[in-house]
Amino acid sequence: MRIAIEELSVALGGRDVLSDVGLIAAEGEIAGLVGPNGSGKSTLLRTVYRHLRPNAGRVLLASRDVRSLAPAEAARHIAALPQERGSDFEFTVREVVAMGRTPYKRAFAGDDEWDRAAVAEALERVGLGAHADRRFAQLSGGERQRVLLARAFAQQPDVLVLDEPTNHLDVQHQVELLALLREQRRTTLISLHDLNAAASLCDRLHVLHEGVLVASGTPREVLTPELLAKVFGVRAAVVEHPLTGDPLIAFDHRQAAP
Ligand SMILES: Nc1ncnc2c1ncn2[C@@H]1O[C@H](COP(=O)(O)OP(=O)(O)OP(=O)(O)O)[C@@H](O)[C@H]1O
């Protein structure tokens, strides 16, 4: 399903955090949000998964405003991996992932065989099939991250919204997570700080700067040395990755942009 963000403005604490942002994630497309700290990436994603209400504009899922959907219906269509994640869950890994099935159930209904199969499959996909009975609270940050991703997969949504999902992951698990996202071919909105990961994963990138969308396009179109200097304040060369052909940003770690 396609997501369209139209003329979206959000104010928090009396301050405009997003101003007139518009972008589209086409069916099956991976759309990346990049931008410096505080540029509004999480705010945009939180508005898509309805934790925030826009002051103006709207988010359309196919042709329907997400705010018009009932909560369970919205959750059957959109699954989120937010940045603020509970750590004190007194639940097992399997129980946390099974929460992804809630939008499909009647009140107080138990898990049926479809739920159990969806949970088992989601755990296998993130490589945690052997950890189903461990306590969530006792996992490392990266393991928790993968459990919460499995919960989003178990929700079997049309759209995935992921806020910095590679946080806490070692490089191998980052690569595996990006591969999982590529192979599932689902409409995905993802914020990433790692611009090289974004360049390799995303079909299109959208750059936020101080709450304003300043560029949209393919990674090759968007990630230019000029944009990196202007928006991120860094000096960098953009070359072709010798193994993959993706754009590869070589940052100058000695000196900021003049
Ligand atoms: N509840 C709030 N009340 C007031 N201001 C807020 C609130 N939440 C976020 N902000 C502000 O909105 C701006 C955008 O924050 P947001 O978290 O969307 O940025 P971000 O691009 O995701 O940043 P980061 O890369 O650091 O995660 C920041 O200046 C932040 O301080």
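Note that this is a predicted model, so its numbers are computed, not measured. (Residues numbered from 1 in each chain as written. Predicted model: local features only at pLDDT ≥ 70, side-chain atom pairs only at ≥ 80, totals over all residues.)

## Overview of the confidence of the model for the protein chain
Note that predicted coordinates carrying low pLDDT should not be read in detail.
Logical step 1: Scored by pLDDT, the protein chain has a mean of 92; 96% of the residues are at 70 or more.
Logical step 2: Taken over the whole predicted complex, pTM reads 0.93, whereas the ipTM for its chain interfaces reads 0.97. (pLDDT = per-residue confidence, 0-100.)

## As for the pairing of strand β11 (residues 234–240)
Logical step 1: In terms of strand pairing, β11 meets strand β12 (residues 247–256) through six bridges, oriented antiparallel. Counted as the bridge partner of E240 is P247 from β12.
Logical step 2: Connecting β11 to the antiparallel partner β12 that follows it, the hairpin turn spans six residues, and G245 within it adopts a positive phi of roughly 80 degrees. (Pairing = 2+ DSSP bridges. Helix = DSSP H or I, 4+ residues; strand = E, 2+ residues; numbered from the N terminus.)

## Side note on the sheet that holds strand β5 (residues 64–65)
Logical step 1: Pairing within the open sheet is antiparallel, and its four strands lie in the order β2-β1-β4-β5. Each edge of the open sheet carries a strand with a single partner, namely β2 (15–25) and β5.
Logical step 2: When strand β1 (residues 3–12) meets strand β4 (residues 56–61), the two strands line up antiparallel, connected through five bridges. When the bridges of β4 are listed, I5 appears paired with V59.
Logical step 3: In the packing of helix α1 (residues 41–48) onto the sheet, contacts are made with β1, β2 and β4, and the angle to β1 comes to roughly 115 degrees. (Contact = placed C-beta atoms within 7 Å. Axes fitted to C-alpha atoms, helices over the stretch in contact; angles between N-to-C directions.)

## Things to note about the site of the ligand
Logical step 1: The environment of the ligand is made up of L12, G13, V17, G35, N37, G38, S39, G40, K41, S42 and T43.
Logical step 2: Of the residues forming the shell around the ligand, the biggest block, three residues, is contributed by α1.
Logical step 3: Considered class by class, the residues forming the shell around the ligand number two nonpolar, eight polar and one charged. (Near = placed C-beta within 6 Å. Nonpolar A, V, L, I, M, F, W, Y, C, P; charged D, E, K, R; others polar.)

## Re the packing of helix α4 (residues 113–125) against helix α5 (residues 141–154)
Logical step 1: Two elements in contact, α4 and α5, have axes separated by 8 Å at closest approach and are oriented at 135 degrees. As summarised for this structure, α4 and α5 are arranged oblique, according to the angle between their axes. Judged by the sense of rotation from one axis to the other, the crossing of α4 with α5 is right-handed. Contacts between α4 and α5 involve A118, V119, A122, L123 and R125 from the former and A150, F153 and A154 from the latter.
Logical step 2: Of the residues belonging to the contact of α4 with α5, the class tally is seven nonpolar, no polar and one charged. (Parallel < 35°, antiparallel > 145°, perpendicular 65-115°, else oblique. Left-handed = near helix turned anticlockwise from the far one by under 90°.)

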